[in-house]
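The lines below spell out each chain.
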Amino acid sequence: MQRINLYLKLINYVPVIIIGFFIVLLIIGGFIVWPKVREYSDLRGEVEIKEIELGYKEEYIAKLQDLKAKLTEKQSEVSKISSAIPADISTPSVYKFMEESASASGMILDNISPFDENLSNINSRLNETSFSLELTGSYPAFKAFLSVLEKSARLFDMHSISLSSTEDEDVFEFQLSVRVFNY
């Protein structure tokens, strides 16, 4: 009978025990589980942001690969541009080219001024080198010389041209101001 009385007393405390158990669970959940849930939520947000960034970077890489493929297709045009506007001026090769072009077209290269390098007005990444030429020869030979310069792979810009006559009527003295460009 004592046992039954004990059970009856305990039954009266069951709601209090259950409520106490839930309060303990809420306290444990609030201090232990909730921070972990917040941490998981924050990490999940960071992962989503990183996935978006990764998507943008993959798009960027795909665009770069597409541009690389297009550039490879147009390699001959790029090499033409590289030869027209090289990385360095190479003054000996320019001097040699001018001398050979003048000779091949029937002109005599009397003088070539020192090369003067400046930053180009056309583009801030271009270097502009200017020099002057003094040539002697006939007018048709001069036209042939200009044609050779025009057809060359290197980009030459004739800044000014002046001519004067000599004692021989068919021979003229030409003075040219020339600009070449490089990166």
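Structure shown above.
Just so you know, these numbers come straight off a predicted model, no measurement behind them.

Trainee: Looking at this model, I keep getting lost on a nonpolar patch on the surface. Mind explaining?
Mentor: Where nonpolar side chains cluster on the molecular surface, the patch consists of Ile19, Ile23, Val24, Ile27, Ile28, Phe31, Ile32, Val33, Trp34 and Val37 and spans about 990 Å² of accessible area. Turning to its location among the elements, Ile27 is positioned in helix H1 (residues 2-73).

Trainee: Before we go on, may I ask you to explain the pattern of salt bridges in this structure?
Mentor: A side chain with one charge may pair with a side chain of the opposite charge, provided their charged atoms come close. Overall, the coordinates contain five salt bridges when judged by the stated rule. The salt bridge partner of Lys70 is Asp66, with a shortest N-O separation of 3.6 Å. Residue Lys70 and its partner Asp66 are both found in helix H1; the two are separated by four residues, about one turn of the helix. Of the charged contacts, one joins Asp157 and Arg179 as a salt bridge, the two residues approaching to 2.2 Å between their closest N and O atoms. Linking Asp157 in strand E4 (residues 156-165) with Arg179 in strand E5 (residues 172-182), this pair joins segments that are 22 residues apart in sequence. You can call Asp157 partly exposed: its relative accessible area is 24%. Classification of Arg179 by relative accessible area gives buried; the value is 17%. Through salt bridges with shared partners, a single network forms among Glu128, Asp157 and Arg179.

What counts, and where the lines are drawn
Counting from 1, residues in each chain are numbered in the order their sequence is written. Reporting in this predicted model follows two pLDDT cut-offs: at least 70 for local features of residues, and 80 or more for side-chain atom pairs to be given and counted; totals over whole chains, interfaces and linings ignore these cut-offs and use all residues. Note that the side-chain values use all heavy atoms of the structure and ignore hydrogens as well as water. Patches here: salt-bridge-free residues with over 30% relative accessible area, like charges joined within 9 Å, nonpolar side chains (Val, Leu, Ile, Met, Phe, Trp, Tyr) joined within 5 Å. Surface accessibility follows the Shrake-Rupley procedure with a 1.4 Å probe radius. Residue values consider only the protein chains on display as shielding. Salt bridges, as used here, are contacts in which a Lys or Arg side-chain nitrogen is within 4 Å of a carboxyl oxygen on Asp or Glu. We count a stretch as a helix when DSSP gives it H or I for four or more residues in a row; a strand needs E for two or more, and each element gets its number in order from the N terminus. For each residue, the accessible area found with a 1.4 Å probe, counting protein chains only, is set against the maximum for its type, and the residue is called buried under 20%, exposed over 50%, and partly exposed in between.

Coordinates in, geometry out; function isn't part of it.
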